[in-house]
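Analysis of the macromolecular model
Residue-level listing of the chains:
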Amino acid sequence: MIKAGIIGGSGYTGGELIRLLLNHPQTEIDFVYSTTRAGKPITSAHQDLLGQTELKFTGEVNPEVDVVFLCLGHGNSTSFLKENTFGENTKVIDLSNDFRLQNDADFDGKHFVYGLPELNRAEIQSANSIANPGCFATAIQLGLFPLAKAGLLNDGVHINAVTGSTGAGVGLSATSHFSWRNNNVSWYKPFTHQHLGEIGESLGSFGNSVGKLFFLPNRGNFTRGILATAYTKYNGTLEEAKELYNAFYTDAAFTHLSDEALHLKQVVNTNQCHIHLHKHDDLLLITSAIDNLLKGASGQAVQNMNLMFGFPETEGLLLKAGVF
Ligand SMILES: NC(=O)c1ccc[n+]([C@@H]2O[C@H](COP(=O)([O-])OP(=O)(O)OC[C@H]3O[C@@H](n4cnc5c(N)ncnc54)[C@H](OP(=O)(O)O)[C@@H]3O)[C@@H](O)[C@H]2O)c1
């Protein structure tokens, strides 16, 4: 058994990590640190865990845990690591965007590997620190990697994606208020979303030129999941495109090509990414779907932990979708 610590335990990704790690056969939760709930039971924030854990939030960290997950907002991971030192052998998995870009990947003697197993499995296996990808970034990259590798993203790519309200974290804001969000849809940050940086770096890592990415993020009136569509010029046949995707994802534990058009609930509550391809004239339409809190955050963090510690990649992550 390895010992894990969680920082930011009362938030959404922290809560998902607690749920996953309580059911992980090779991990024991050593502490769950909270700035606002130290001394209170975990179940005071995560009531669904009643009867599953007696753990309490702490205001102190154990610096000798085997792995620590930082479930903090952007900038707070950097501050936290400046103020808290962990043992030489403690592996760090950060869920914020503090260390995702190549220019930010080296911090305080640590080198953060971008933790997308479909791109970097071997590097993750030998990494000590991981920058876990963004949720939109995960859905979009997984939808585009096979084309990027084949050098077929030279023309612009138009991307439209819709996310559930948990994507914005547990804090209440005007656009996560029930009265605003319910029965409502809106776009935000058109063409400028912060995940474009990490998407561009990963797509470019295959060494082929990548056309401009036009990304429109949308807020949906549901709580979990991301459904992303992207289209670009493609002169091959649909069968050739499917071969490209199936070949790229042959060894992927959680990313699968579907012959059927996707709906969001087929991946919600799972660590899966499902992808569907559709050809129209000279365009290829790629749809990808993930759960933002699992494959888009805490599930992918556990997948990375499994790879770093040599556990089976799917350990603790074979989850059931809530389809109906
Ligand atoms: N939500 C998603 O779908 C998603 C997906 C991918 C990546 N991410 C990224 O993952 C990170 C966490 O997201 P989240 O949705 O879990 O956010 P969240 O629900 O807002 O939770 C963050 C938690 O951090 C703690 N915190 C706040 N300020 C802090 C500080 N200054 N120092 C230490 N702890 C502090 C708080 O917990 P305590 O009160 O218990 O201390 C807060 O509940 C973010 O960087 C986010 O962008 C989120």
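Residues numbered from 1 in each chain as written. Predicted model: local features only at pLDDT ≥ 70, side-chain atom pairs only at ≥ 80, totals over all residues. Heavy atoms only, no water.

Per an unreviewed UniProt entry, the recorded name for the protein chain is N-acetyl-gamma-glutamyl-phosphate reductase, and the organism is Flagellimonas lutimaris. As its UniProt record puts it under Sequence similarities (unreviewed entry), the protein chain is described as follows: "Belongs to the NAGSA dehydrogenase family. Type 1 subfamily." What the UniProt record of the protein chain gives under Catalytic activity (unreviewed entry) is the line "N-acetyl-L-glutamate 5-semialdehyde + phosphate + NADP(+) = N-acetyl-L-glutamyl 5-phosphate + NADPH + H(+)". (UniProt positions renumbered as here; feature names shortened; annotations may be inferred.)

Further remarks concern the nonpolar core. Membership of the largest hydrophobic core comes to 36 residues, with the highest contact counts inside it found for Ile140, Leu144, Ile159, Leu203, Ile275 and Ile286. Counting only elements with at least two residues in this core, the list comes to α4 (135–149), β9 (157–163), α6 (196–204), β11 (213–219), β12 (226–233), α7 (238–248), β14 (273–280) and β15 (283–290). The element that contributes the greatest number of residues to this core is α4, accounting for 10 residues. Among residues more than four places away in sequence, those in contact with Ile159 are Ile140, Leu144, Leu213, Phe214, Phe215, Leu216, Thr229 and Ala230. Counting residues in hydrophobic clusters, the runner-up holds 31 residues, among them Ile2, Ile6, Ala127 and Leu294. (Core = buried A, V, L, I, M, F, W, Y, C linked by side-chain atoms within 4.5 Å. Buried < 20%, exposed > 50% of the residue type's maximum accessible area, 1.4 Å probe, protein only. Helix = DSSP H or I, 4+ residues; strand = E, 2+ residues; numbered from the N terminus. Contact = heavy atoms within 4.5 Å.)

For the rest of this paragraph, the subject is the UniProt feature "domain: Semialdehyde dehydrogenase NAD-binding" (unreviewed entry) in the protein chain. The UniProt feature table records "domain: Semialdehyde dehydrogenase NAD-binding" (unreviewed entry) at residues 3–127. The distance from the first to the last C-alpha atom of residues 3–127 is 17 Å, and the span holds 22% helix and 23% strand.

What follows is about the sheet that holds strand β13 (residues 255–258). If you trace the seven strands from one edge of the open sheet to the other, you get β10-β11-β9-β12-β15-β14-β13, paired in mixed fashion. One side of each edge strand has no neighbouring strand; the edge strands of this open sheet are β10 (186–187) and β13. Across eight bridges, the pairing between β12 and β15 is antiparallel. Following the sheet pairing, Lys233 is matched in β15 by Leu283. The strands touched by α7 within the sheet are β13, β14 and β15, with β14 carrying the most contacts at an inclination of about 160°. (Pairing = 2+ DSSP bridges. Axes fitted to C-alpha atoms, helices over the stretch in contact; angles between N-to-C directions.)

Across the sheet, eight strands lie side by side as β3-β2-β1-β4-β5-β8-β7-β6; this open sheet has mixed pairing. Looking at which strands have only one partner, the edges of the open sheet turn out to be β3 (57–58) and β6 (106–107). Pairing analysis gives four bridges linking strand β4 (residues 67–70) to strand β5 (residues 91–94), with the strands arranged parallel. Bridging from a neighbouring strand, Val68 pairs with Val92 of β5.

Here we take up the layout of surface pockets. The computed volume of the largest pocket comes to approximately 1100 Å³. If you trace the largest pocket, you find 49 residues lining it, with Leu72, Gly73, Gly167, Ala168 and Gly169 closest to the centre. Listing elements by their share of the lining of the largest pocket, those giving two or more residues are α1 (12–22), α2 (76–83), α4 and α8 (294–309). A total of four residues in the lining of the largest pocket trace back to one element, the largest contributor, which is α2. In terms of residue class, the lining of the largest pocket is made up of 15 nonpolar, 29 polar and five charged. Viewed by domain, the lining of the largest pocket spans two of them, domain 1 (2–132 + 297–309) and domain 2 (135–290), each represented by three or more residues. Looking at the second largest pocket, its volume works out to about 270 Å³. Along the wall of the second largest pocket there are 16 residues; nearest its centre are Arg100, Gln102, Tyr114, Asn120 and Glu201. Breaking the lining of the second largest pocket down by element, the ones donating at least two residues are β7 (110–114), α3 (117–125) and α6. Counting residues per element, the lining of the second largest pocket draws most heavily on β7, at four residues. Class assignment of the residues belonging to the lining of the second largest pocket gives a composition of seven nonpolar, five polar and four charged. (1 Å grid on protein atoms, 1.4 Å probe; cavity = no way out; pocket = protein on both sides within 12 Å on 5 of 7 lines; lining within 4 Å. Points joined across faces, edges and corners; volume = space filled by probe spheres on them. Nonpolar A, V, L, I, M, F, W, Y, C, P; charged D, E, K, R; others polar. Domains from an automatic or database assignment.)

The next subject is the site of the ligand. The immediate surroundings of the ligand are formed by 25 residues, with Ser10, Ser34, Thr35, Thr36 and Leu72 found nearest. At 2.6 Å, a side-chain N or O of Ser34 approaches an oxygen atom of the ligand. Taking Val170, its main chain carries an N or O atom lying 2.8 Å from an oxygen atom of the ligand. Coverage of the ligand by the protein chains reaches 80% of its 890 Å² of free accessible surface. Applying the majority rule of atoms within 2 Å of the grid points places the ligand in the largest pocket. For the shell around the ligand, the secondary structure elements donating two or more residues are α1 and α8. For the shell around the ligand, a count of residues per class yields eight nonpolar, 17 polar and no charged. Taken domain by domain, the shell around the ligand gets at least three of its residues from each of domain 1 (2–132 + 297–309) and domain 2 (135–290). (Near = heavy atom within 4 Å. Polar contact = N/O pair within 3.5 Å; in protein donor to acceptor, adjacent residues only side chain to side chain. Areas by Shrake-Rupley, 256 points an atom, 1.4 Å probe, with all protein chains shown as cover. Sits in = over half its atoms within 2 Å of the grid points.)

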